[in-house]
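# Inside the fold
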Amino acid sequence: GEGGGEAGGEADLDADSRHLDFVLSPSPTPASTLLTKELPAHADAAEVSPAALSFVQGLSSHLAAAGGAALLIDYGSDAPPSDSLRGIRGHRFVHPLHAPGEADLSVDVDFRAVRAAATATDAALVCPPMVEQRHFLAAMGLEARVNALLRAAPSDEVRQALFDGATRLVESPGMGSAYKALAIAHPSMGGGIPGFGTA
């Protein structure tokens, strides 16, 4: 799959030695019954994050009351992920149940659900469609900023590190297309949010 850049390598995660495994409930659970009402009709499997949606609702309530804007950048898509739960240990993907407590857990973000939670909290909030990180950074002037840093860099080694770092942020496939950006803003910010064009 398309990696986000923080962990590398394709691995057979099911071949990972572990003492725990996932099981399928013999019947719908109360949580699945409640949460699947929000899924698209064609979804036969999906990951849902009530904690993420709760965070976005709180953030959106704050923005609606106090003004301002939030920028969210993560990997994901405009649809519910169906098999993105993974563990990351030692910069490598591992099964999510490998060495519990010793591996970081990660999932893709459902930006459609995030946007829906924001606008359901307050319909006046401005929440333009997500964009790929590479397009967001380009719209925010990454090239001009990197060129200025390159001109001021004290050595070829520093220039190369700057160039490599900027390239990594915008590569596709890679971080440039795996990571997405989403903005949530108070209407006083106007319709055009920098990096996103017009809402």
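Residues numbered from 1 in each chain as written. Predicted model: local features only at pLDDT ≥ 70, side-chain atom pairs only at ≥ 80, totals over all residues. Heavy atoms only, no water.

## A few points about the nonpolar core
Rules: Among buried residues, those of type Ala, Val, Leu, Ile, Met, Phe, Trp, Tyr and Cys that are joined through side-chain atoms within 4.5 Å constitute a nonpolar core. Buried, partly exposed and exposed residues are distinguished by accessible area as a fraction of the type maximum, computed with a 1.4 Å probe on protein chains only: under 20%, between the cut-offs, and over 50%, respectively. Secondary structure follows DSSP: runs of H or I at least 4 residues long count as helices, runs of E at least 2 residues long count as strands, and numbering of each begins at the N terminus. Any pair of residues with heavy atoms lying within 4.5 Å of one another is described as a contacting pair.
Counting residues in each nonpolar core, the largest one holds 15 residues, and the members touching the most others are Val56, Leu59, Leu63, Leu72, Val114, Leu182 and Ile184. Elements represented by at least two residues in this core include exactly helix H2 (50-66), strand S1 (69-77), helix H3 (111-121) and strand S7 (179-185). With four residues, H3 is the largest single contributor of residues to this core. Once you skip the residues sitting within four places of it in the chain, Ile184 turns out to touch Val56, Leu59, Ser60, Leu63, Gly68, Ala69, Ala70, Leu72, Ala118, Leu125, Val126 and Cys127.

## Brief notes about the sheet that holds strand S3 (residues 92-94)
What links the strands of a sheet is backbone hydrogen bonding, and the strands pair in either a parallel or an antiparallel sense. Quick reminder of the rule: When DSSP finds two or more bridges between two strands, those strands count as paired. All axes here are fitted lines through C-alpha atoms, helices being fitted over the stretch that makes contact, and every angle between N-to-C directions spans 0 to 180 degrees.
In space, the three strands of this open sheet follow the order S3-S2-S4, with antiparallel pairing throughout. The open sheet has two edge strands, S3 and strand S4 (104-106), and neither has a second partner. Each strand of the sheet is rotated relative to its neighbour by a mean of 40 degrees, with strand direction disregarded. Both strand S2 (residues 86-89) and S4 contribute to a ladder of three bridges, which runs antiparallel. By the bridge assignment, Ile88 is partnered in S4 with Asp104.

## Observations concerning the packing of aromatic side chains
Note the cut-off: Centres within 6.5 Å are what make two rings of Phe, Tyr or Trp a pair, Trp counting through its six-membered ring; a difference in plane orientation under 30 degrees is then read as stacked, over 60 as edge-to-face, and the rest as tilted.
For the structure on display, the rule yields two aromatic pairs. Relative to Tyr179, the ring of Tyr75 lies with its centre 5.2 Å away and its plane at 85 degrees, an arrangement referred to as edge-to-face. Of this pair, Tyr75 sits in strand S1 while Tyr179 sits in strand S7, and the two are 104 residues apart along the sequence. Tyr179 carries the same exposure label as Tyr75, and that label is buried. Plain terms: the ring middles of Phe136 and Phe196 are 5.3 Å apart, the flat faces sit at 45 degrees to each other, and that makes the pair tilted. Linking Phe136 in helix H4 (residues 133-139) with Phe196 in the loop between strand S8 (192-193) and strand S9 (197-198), this pair joins segments that are 60 residues apart in sequence. Classification of Phe196 as buried rests on a relative accessible area of 10%.

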